[in-house]
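So you can see what is in the structure, the chains are spelled out below.
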Amino acid sequence: MQNTAAVAASGKRMSAMKMKKLEGNVKLRIAQIGFLAVLLLLWEVGARMGWISTFLFASPGKICDTLSNRIASGELFHDIWVTGKETVLGFLFGSLLGSFLGLLLWCSEFVAKFSKPYVAAIGSIPVMVLSPLVIIWFGTGIASKVAIVTFSCIFVSLSSAYEGAMQVDPDLLNLMRSFGASKFQIFCKVVVPSSMTWVVSGFKMNIGFAIVGAIVGEYISSDAGIGHMILMGSNSFHIHVTLAGLVTTMVFVFVLNIAVGALEKVLLRWKR
Amino acid sequence: MDENVKLEAKGIYKEFDEENPITILRDVSFVAKKQEFVSFVGPSGCGKTTLFNIIAGLLEPTGGNIYIDSEQTTGTVSSQIGYVLQKDLLLPWRTIEENVILGLEVRGMKKSEAKDRATEYFKSYKLDGYQKKYPSELSGGMKQRVALMRTMIMEPEIILMDEAYKALDYPLKIDLESELLSTVKENKKTVIYITHDIEEAVTLSDRVYIMKARPGEIVREMEIDLGVDSTRMNERRASKKFNDYYETIWQSMGTSK
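**Points about the overall build of chain B**
- Regarding its fold elements, chain B presents nine helices and 10 strands.
- With 257 residues in all, chain B has 56% of them scored as buried.
- Of the contacts made within chain B by residues no fewer than 6 positions apart, 69% connect residues no fewer than 24 positions apart.
- Approximately 11700 Å² of chain B is accessible, and the part contributed by carbon and sulfur atoms is 44%.
- Across chain B, 36 positive and 42 negative side-chain charges occur, with their mean positions spaced 3 Å apart.

**Some points on the overall build of chain A**
- For chain A, the helix and strand inventory stands at 11 helices and zero strands.
- Tracing chain A from N to C terminus, the helices and strands come up as α-α-α-α-α-α-α-α-α-α-α.
- A compact globule built from 272 residues would reach a C-alpha radius of gyration of about 19 Å, whereas chain A, at 25 Å, exceeds it by more than 25%.
- Projecting the C-alpha coordinates of chain A onto the three principal axes gives extents of approximately 75 × 70 × 30 Å.

**Some words on the sheet that holds strand 9 (residues 207–212) of chain B**
All names here are of chain B.
- Spatially, the six strands line up as an open sheet ordered 6-7-8-3-9-10, and their pairing is mixed. Each end of this open sheet is capped by a strand with a single partner; those strands are strand 6 (81–84) and strand 10 (217–223). The sheet shows a mean angle of 20 degrees between the axes of neighbouring strands, direction not considered.
- Across six bridges, the pairing between strand 9 and strand 10 is antiparallel. Bridge pairing links Val 208 to Met 222 in strand 10.
- Together, strand 3 (37–41), strand 6, strand 7 (158–162), strand 8 (190–195) and strand 9 form the strand contacts of helix 1 (residues 48–56), whose direction differs from that of strand 7 by roughly 155 degrees.
- Packing against the sheet, helix 6 (residues 170–186) makes contact with strand 3, strand 7 and strand 8, and its axis sits at approximately 140 degrees to strand 3.

**Overview of the side chain of B:Ser205**
Residues and elements named next belong to chain B.
- Turning to its location among the elements, Ser 205 is positioned in the loop between helix 7 (198–204) and strand 9.
- Within the structure, Ser 205 has its side chain in polar contact with the side chain of Ser 39 (distance 2.5 Å).
- Of note is the side chain of Ser 205, whose polar atom sits 2.5 Å from the backbone oxygen of Ala 201.
- For Ser 205, the contacting residues outside a window of four places in its chain are Phe 37, Ser 39, Ile 224 and Arg 236.

**Section: the domain arrangement of chain B**
Residue and element names in this part refer to chain B.
- Along its sequence, chain B is carved into domain 1 (5–80 + 157–255) and domain 2 (86–155).
- Summing the contributions of domain 1 and of domain 2, the shared interface buries around 1100 Å²; its carbon and sulfur component is 61%.
- Across the domain 1-domain 2 interface, the total number found is two salt bridges.
- The salt bridge involving Glu 179 is made with Arg 145; its shortest N-O contact spans 3.1 Å.
- Across the contact surface, domain 1 and domain 2 share three residue pairs in polar contact (both at pLDDT 80 or more).

**Remarks on helix 1 of chain B**
Residue and element names in this part refer to chain B.
- Counting buried residues along helix 1, eight of its nine residues qualify, which places the element largely inside the surrounding structure.
- Every buried residue belonging to helix 1 is among Lys 48, Thr 50, Leu 51, Phe 52, Asn 53, Ile 54, Ile 55 and Ala 56, and all of these are buried.
- Looking one or two places after helix 1, you find Gly 57, whose phi comes out positive at around 85 degrees.

**What about the packing of aromatic side chains?**
All names here are of chain A.
- Throughout the structure, instances matching the rule amount to 13 aromatic pairs over all chains.
- Ring centres 5.9 Å apart and planes at 70 degrees place the aromatic pair Phe 91 and Phe 203 in the edge-to-face group. Residue Phe 91 is located in helix 4 (residues 75–104), and its partner Phe 203 is located in helix 9 (residues 183–220); the two are separated by 112 residues in the primary sequence.
- The exposure class of Phe 91 is buried, given its relative accessible area of 11%.
- Ring centres 6.0 Å apart and planes at 25 degrees place the aromatic pair Phe 110 and Phe 114 in the stacked group. Taken together, the residues Phe 110 and Phe 114, both in helix 5 (residues 109–123) and four residues apart, mark about one turn of the helix.
- Taking the relative accessible area as the measure of exposure, Phe 110 reaches 63% and is therefore exposed.
- Among the aromatic residues, those joined into a ring-pair cluster are Phe 110, Phe 114 and Tyr 118.
- In this structure, Lys 183 packs its charged tip against the face of Trp 106, placed 5.5 Å from the ring centre.

**Some details on the state of the cysteines**
- Summed over all chains, the structure comprises zero disulfides over all chains.
- In this structure A:Cys107 is a free cysteine whose sulfur lies 8.8 Å from that of A:Cys188, the closest cysteine sulfur available.

**Some words on the packing of helix 4 of chain A against helix 11 (residues 239–267) of chain A**
Residue and element names in this part refer to chain A.
- The geometry of helix 4 relative to helix 11 is characterised by a closest axis approach of 12 Å and an angle of 40 degrees between their N-to-C directions. Judged by the inter-axis angle, helix 4 sits oblique to helix 11. In this structure, helix 4 crosses over helix 11, and the sense of that crossing is right-handed. Contacts between helix 4 and helix 11 involve Leu 76, Ile 80, Gly 84, Thr 87, Val 88 and Phe 91 from the former and Thr 248, Phe 252, Leu 256 and Val 260 from the latter.

**Quick look at the packing of helix 3 (residues 60–73) of chain A against helix 4 of chain A**
Residues and elements named next belong to chain A.
- Contact geometry for helix 3 and helix 4: axes closest at 4 Å, N-to-C directions at 85 degrees. In this view, helix 3 runs roughly perpendicular relative to helix 4, as classed from their interaxial angle. Residues Leu 67, Arg 70, Ile 71 and Ser 73 of helix 3 form the contact with helix 4, whose participating residues are Glu 75, Leu 76, Phe 77 and Asp 79.
- For the contact of helix 3 with helix 4, the residue count by class is four nonpolar, one polar and three charged.

**Considerations on the interface of chain B and chain A**
- Each side of the interface is counted separately: chain B has 20 residues, and chain A has 18 residues.
- Between chain B and chain A lies a buried interface of about 1900 Å² when both sides are counted; carbon and sulfur atoms form 65% of it.
- Counting across the chain B and chain A interface gives three salt bridges.
- Close ionic contact of A:Lys189 with B:Glu105 constitutes a salt bridge, the shortest N to O distance being 2.7 Å.
- Here chain B and chain A share seven residue pairs in polar contact (both at pLDDT 80 or more) between them.
- Top element by residues in the side of chain B that touches chain A is helix 3 (residues 102–106) of chain B. It accounts for four residues.
- Looking at the side of chain B that touches chain A residue by residue, the class counts come to 12 nonpolar, two polar and six charged.

What counts, and where the lines are drawn
Residues numbered from 1 in each chain as written. Chains lettered and ligands numbered in written order. Predicted model: local features only at pLDDT ≥ 70, side-chain atom pairs only at ≥ 80, totals over all residues. Heavy atoms only, no water. Helix = DSSP H or I, 4+ residues; strand = E, 2+ residues; numbered from the N terminus. Buried < 20%, exposed > 50% of the residue type's maximum accessible area, 1.4 Å probe, protein only. Contact = heavy atoms within 4.5 Å. Areas by Shrake-Rupley, 256 points an atom, 1.4 Å probe, with all protein chains shown as cover. Lys, Arg positive; Asp, Glu negative; His and termini not counted. Charge placed at Lys NZ, Arg CZ, Asp CG, Glu CD. Rg over C-alpha atoms; globule rule 2.2 N^0.38 Å. Pairing = 2+ DSSP bridges. Axes fitted to C-alpha atoms, helices over the stretch in contact; angles between N-to-C directions. Polar contact = N/O pair within 3.5 Å; in protein donor to acceptor, adjacent residues only side chain to side chain. Domains from an automatic or database assignment. Buried area = accessible area lost by both parts, 1.4 Å probe. Salt bridge = Lys/Arg side-chain N within 4 Å of Asp/Glu carboxyl O. Phe/Tyr/Trp six-rings, centres within 6.5 Å; stacked < 30°, edge-to-face > 60°. Lys NZ or Arg CZ within 6 Å of the ring centre and 35° of its normal. Disulfide = S-S within 2.5 Å. Parallel < 35°, antiparallel > 145°, perpendicular 65-115°, else oblique. Left-handed = near helix turned anticlockwise from the far one by under 90°. Nonpolar A, V, L, I, M, F, W, Y, C, P; charged D, E, K, R; others polar.

Spelled out as structure tokens, the structure:
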């Protein structure tokens, strides 16, 4: 009896603690949203009163108008669709291929050492420098942007996955050898799963690199996409269009982060 | 060679020669008889772990050979040997059950068949009900028990252990060692146990090899007979002979420095 009472009491304490934590979280969110609202309000008021130049800084209201107009005309979704395709395809190609190659390097110390300076040299090329060439090679369509994004992602994933593979406890490898495991078995059963944490962290970093790659590609040559929208806006001094593009990019990256977060939960579900 | 000998090491040398060669093991020879519990005690730096890896076939000695059942197995991994380290080496992304059958899986056994075989082991190791848990949900003692299970399910004839229970707190260590001793006696296993703990060596072993450091050498071999049948550590430790053995080993280790 006493025991069950104690358990119930501790259960109550637990839920009370959880409630408190939840309350704290809600308060934090309210404060964050409030801060943003005040900032936007000041901006809007400043623009209307003429304290802030709307020519240089636009205004929240104008940005909202731009966004809703473009949503209504379908233009915005088309731009998101174009940039989204480039980003997601390039992200997947680059991250998956990079991770795969990085893990594979574990199999041969010779190849890993041999390729090291090449990987370092090619990986150090800023995407901006390579992009004009890629446009010349792959044309001005989607292929060139996907190639640029792939290039932006592949080296991060490659080094991250290789680093993960090299971190595997040598005692674990010995244990597998003592079971008589082949190199392939060790690779599949130990090296790949234990590198997953690193592979996922490569994915996370690549979200940022992917969007930069796609937008840089669109800056150089494009007829649609978020980068195109931003560039057109600033070329014609329509700051509200450029800022609308910026907001769209932020929302887009936010969604990508959620997607990769979900992937992480699946791949690393044993971690809690 | 003696019919009774399970594993023999003859004149094992190990040198690591990076810039200036150092001898880790010098002329190490020993035997482990069938169903015998043999311990190696020595200070740190006496090459115990190197010796462990050579016996396990994971490392080639510079000189000398290892024989199992009179057959030379130097530098090759034998399916007759299973080992347990201080680290439990459980794979955190696998459930306990999947960890236990790892070795069977490597040998190509079907998962369902391996899991069937594991069922009995889970019962006798008092871990029934933990099959679907992950290692992070188990205590250190339980994880070490799972590690032993993962080795025992492979049915090796020789079990090699390196400070397996070093990281555990004292009462738990006593419990697990008692369990270990009864398990290996029941299943007629030969055990080679590496430790720096004299108490542990005397209580568990039928025979002890005392080593010295730099270079690692065997300085003395000692038969242990506590005259106790029990496999409980505390009862074995209560033997009147315990202190004499302890003192003798202590002296040998002291004079060897």
